[in-house]
Amino acid sequence: MSMTQDELKQAVARAAIAHVPNDCIVGVGTGSTANFFIDALAEIKSRIRGAVASSEASAKRLQGHGIEVLSLNEAGTLPVYVDGADEITRHLHMVKGGGGALTREKIVAAASRKFVCVCDASKLVDVLGKFPLPIEVIPMARSYVARELTAMGGQPKLREGFTTDNGNVILDVHGLSILNPVELETTLNNIAGVVTNGLFARRAADVLLLGTPDGVQTLV
């Protein structure tokens, strides 16, 4: 019997619970797989102190389960951050931000000792860039940043009708073949007006839990 994509996501979300220490504050990502993780977290909520959410949507879902949501400023360094990805390589470099929460996700990941990425097998790629790279941009810099991205060989497209939790816009950049994600992440972040980009390579994942039809595989 083949598993649906949702069942694969659910399996990896449950597997991630093993990486959550007792009596900790856990960092929680955003998106469909992160939602399954939040639901799994609800079953062990008596043994954690609370969570830091990377988006308003995740905060609401956590609170709906009766899990206390703390700000990152209150919580300090987190032992673990669990989140999905839109694409990930075997080097555990990722493209994230399909849901638009990339900046807060990057901040919570940076403040966490361990980043556990949870994905179904369709997200594992050899080279990043087929999924358009999201870039969060200060609104007044939108067309300037778009010109810079075009000069780099990308095709930026404004994400219509979308504003981030930080009040900014997102440019989704098509047509990039990302052979050196660490270098490109740095270059893009140095464009004036870019808040951050969806390459998670300088702070890559530490563990990948990959949902496959043969069960959950662990890559480190």
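Since this is a predicted model, take the numbers as computed values, not measurements. (Residues numbered from 1 in each chain as written. Predicted model: local features only at pLDDT ≥ 70, side-chain atom pairs only at ≥ 80, totals over all residues. Heavy atoms only, no water.)

A. Region of interest: the sheet that holds strand 6 (residues 112-120). In space, the six strands of this open sheet follow the order 2-1-3-6-12-13, with mixed pairing throughout. If you trace the sheet from one side to the other, it starts and ends with strand 2 (50-53) and strand 13 (215-219), each paired once. For this sheet, the mean angle separating the axes of adjacent strands, direction not counted, is 25 degrees. Strand contacts of helix 5 (residues 102-110): strand 1 (25-28), strand 2, strand 3 (78-83) and strand 6, with the helix running at about 145 degrees to strand 3, the strand carrying the most contacts. (Pairing = 2+ DSSP bridges. Helix = DSSP H or I, 4+ residues; strand = E, 2+ residues; numbered from the N terminus. Axes fitted to C-alpha atoms, helices over the stretch in contact; angles between N-to-C directions. Contact = heavy atoms within 4.5 Å.)

B. Structural detail: the nonpolar core. Within the largest apolar cluster, 25 residues are counted, with the highest numbers of intra-cluster contacts made by Val20, Val26, Val28, Phe37, Leu41 and Leu62. Only helix 1 (5-16), strand 1, helix 2 (32-42), strand 2, helix 3 (56-64), strand 3, strand 6 and strand 12 (207-212) provide two or more residues apiece to this core. The contact partners of Val26, leaving out residues within four places of it in the chain, are Val20, Phe37, Leu41, Ile48, Gly50, Ala51, Val52 and Val80. Leu72, Ala75, Val108 and Cys119 belong to the second-largest nonpolar core, a separate cluster that totals 21 residues. (Core = buried A, V, L, I, M, F, W, Y, C linked by side-chain atoms within 4.5 Å. Buried < 20%, exposed > 50% of the residue type's maximum accessible area, 1.4 Å probe, protein only.)

C. Looking closely at unusual backbone geometry. At Asp23, a residue that is not glycine, the phi angle is positive and equals roughly 60 degrees. Structurally, Asp23 can be placed in the loop between helix 1 and strand 1. We note that Leu92 has phi near 65 degrees; this positive angle belongs to a residue other than glycine. Tracing the backbone shows Leu92 in the loop between strand 4 (87-88) and strand 5 (94-95).

D. Representation of the pattern of salt bridges. Scanning the model with the defined rule gives nine salt bridges in all. With a shortest N-O distance of 3.0 Å, Arg61 and Asp39 are connected by a salt bridge. A residue pair is termed long-range when its members are at least 10 positions apart, and Arg61 in helix 3 and Asp39 in helix 2 qualify at 22 residues. Exposure remark for Arg61: the relative accessible area of 35% places this residue in the partly exposed category. Here Asp39 falls in the partly exposed class, since its relative accessible area comes to 24%. In this structure, the salt-bridge partner of Arg203 is Asp206, at a minimum N-O distance of 3.0 Å. Accessibility expressed as a relative area gives 31% for Asp206, which makes it partly exposed. (Salt bridge = Lys/Arg side-chain N within 4 Å of Asp/Glu carboxyl O.)

E. Local environment of the side chain of Ser112. Counting through the fold element by element, Ser112 comes out in strand 6. When its relative accessible area of 4% is taken as the criterion, Ser112 is described as buried. Contact partners of Ser112, with chain neighbours within four places excluded, come to Leu78, Val80, Tyr81 and Arg203.

F. Local environment of the pairing of strand 7 (residues 133-137). With five of five residues buried, strand 7 is to be regarded as a mostly interior element. Because side chains alternate across strand 7, one face comprises the buried residues Leu133, Ile135 and Val137, and the other comprises Pro134 and Glu136, equally buried. Inspection of the sheet shows strand 7 paired to strand 9 (residues 169-174) by five bridges, in the antiparallel sense. Across the sheet, the residue bridging to Leu133 is Val173, located in strand 9. One ladder, built from three bridges, connects strand 7 with strand 10 (residues 194-197); its direction is antiparallel. Among the inter-strand pairings, Glu136 is bridged to a residue of strand 10, identified as Thr196.

That is the geometry; function is a separate question.
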